[in-house]
Amino acid sequence: MKIRAPMIYVIVAVCCMADPGRAATKSLGSLRLAYSSISGAAVVTWLAVDKGLFAKNDLDVELIYVAGSQAMQSLLSGTTPIGIQGIEPVFRVNAQGNDTAMILGMVTKPPFSIIVRPEIKDYRELKGKPMGITRYGSATDLLLRLTLDKWGFKPEIDVPILQMGGVPPILSGLQSKRIFGGPLSLPTLAKAKQEGYRELADVADLVPEYQVAGVVTRRAFIKQHTEVVRGVVKAIAEAMAVFRSDPNSVKKVMKERLKIDDPLVIEETQKNYPRYMPNVPYPTRAGIAVIKAFLEKNEPALRQLSVDDQIDNQFVRELEQSGFFSSPYRAR
């Protein structure tokens, strides 16, 4: 099976660079929204499109795949003023004086397992053997380092760490024997297991709370386009419920939108990914605090920032107070 990301659109939007608010019209209208990884979070976002949940909130949303660190740059420029990404880039750009915030927590437990080549029987055998991550400073990097630390290793000293560029390339590195293991998430995780690679640890057992993916935007955009942001949050929250309650729609999105054609991989992702998503999607303060404590060891500029300054809970709180999450359909 090949996991192929949708084509990355190159968008020249000079007007948006001047004013990030111009990405949406006064009557809500059209909006470009970026997702930064081929994962369960991407499935949720496509569900919001295909099930008409954005449209129900008067939004015409164009989803764009923008990989890695480019996603935050796209957000800051206004090209894609709302995005699905991690909290790490939020910390980094805010330390430089920016005004980004996570407004909904889609994935609040790490959906990763440490997968190794079949000949590795025990974590002690990893000493001296290279492990793969997506990029330095990413969730895969931090989670691997936290795991190695819990196992008594000094990352990069006892265990070399190599950048592979993405989660599927980590599996490719295992196949080519360039690396001996790394953190994988669904759906790539299911494919690796299917090929006989060994699951050494479920990272969620070692790091129970970790803010992986969420909806991120700028506070200036929230102020200028409050109703747009409110509509996005409501659509994503409902799409998370659809993920839990409508397996056929999940499978259709994975096959048609993310171009994943292996039925076993699709089935495992549909069944298992919801356990990493909260019922009421506040960003996890405890999980963000774990990330901050780890990042600021090597990035002292982050020490001045507080956890609360990186999040804005007003829209999720409104939905909770309205009873939105209490309906039997959404509580599943």
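Conventions and cut-offs
Residues numbered from 1 in each chain as written. Predicted model: local features only at pLDDT ≥ 70, side-chain atom pairs only at ≥ 80, totals over all residues. Heavy atoms only, no water. Helix = DSSP H or I, 4+ residues; strand = E, 2+ residues; numbered from the N terminus. Rg over C-alpha atoms; globule rule 2.2 N^0.38 Å. Buried < 20%, exposed > 50% of the residue type's maximum accessible area, 1.4 Å probe, protein only. Areas by Shrake-Rupley, 256 points an atom, 1.4 Å probe, with all protein chains shown as cover. Lys, Arg positive; Asp, Glu negative; His and termini not counted. Charge placed at Lys NZ, Arg CZ, Asp CG, Glu CD. Pairing = 2+ DSSP bridges. Axes fitted to C-alpha atoms, helices over the stretch in contact; angles between N-to-C directions. Arc of directions from axis to C-beta. Contact = heavy atoms within 4.5 Å. Salt bridge = Lys/Arg side-chain N within 4 Å of Asp/Glu carboxyl O.

1. Points about the overall build of the protein chain
Looking only at helices and strands, the protein chain features 15 helices and ten strands. For the protein chain, the C-alpha radius of gyration of 19 Å lies close to 20 Å, the compact-globule estimate for 332 residues. In the protein chain, which comprises 332 residues, the proportion classed as buried is 57%. Accessible surface, the protein chain: about 14000 Å² in total, of which carbon and sulfur atoms supply 49%. Distance from the positive charge centre (43 side chains) to the negative charge centre (34 side chains) of the protein chain: 2 Å.

2. Some words on the environment of Thr80
Within the fold, Thr80 resides in the loop between α4 (70–77) and β3 (82–85). A sequence separation of 16 residues divides Thr80 from Ile64, and the C-alpha atoms of the two residues are 8.1 Å apart.

3. A short note on the sheet that holds strand β1 (residues 29–35)
Each strand in a sheet pairs with another by means of backbone hydrogen bonds, the pair being arranged parallel or else antiparallel. The strand order β2-β1-β3-β10-β4 describes an open sheet built from five strands, whose pairing is mixed. Each edge of the sheet is formed by a strand with only one pairing partner; in this case those strands are β2 (59–65) and β4 (100–107). Strand-to-strand twist of the sheet, defined as the mean angle between neighbouring strand axes without regard to direction, takes the value 25 degrees. Pairing between β1 and β3: three bridges, direction parallel. Paired with Leu33 across the two strands is Ile82, which belongs to β3.

4. Quick word on helix α7 (residues 167–176)
For α7, the complete set of buried residues consists of Val167, Ile170, Leu171, Gly173 and Leu174. Each buried residue of α7 lies within a common arc of 155 degrees when the element is viewed along its axis, so the set occupies one face. Structurally, α7 contributes buried residues whose contacts are with β5 (112–116), β6 (131–133), α6 (139–150), β8 (181–185) and α8 (188–194). In the segment just after α7, Lys177 is the residue with positive phi, at about 70 degrees.

5. Topic: the pattern of salt bridges
Enumeration over the complete set of coordinates arrives at 21 salt bridges. Of the charged contacts, one joins Arg145 and Asp141 as a salt bridge, the two residues approaching to 2.5 Å between their closest N and O atoms. Within this pair, Arg145 and its partner Asp141 are both found in helix α6, separated by four residues, close to a single helical turn. Note on Arg145: relative accessible area 13%, which makes it buried.

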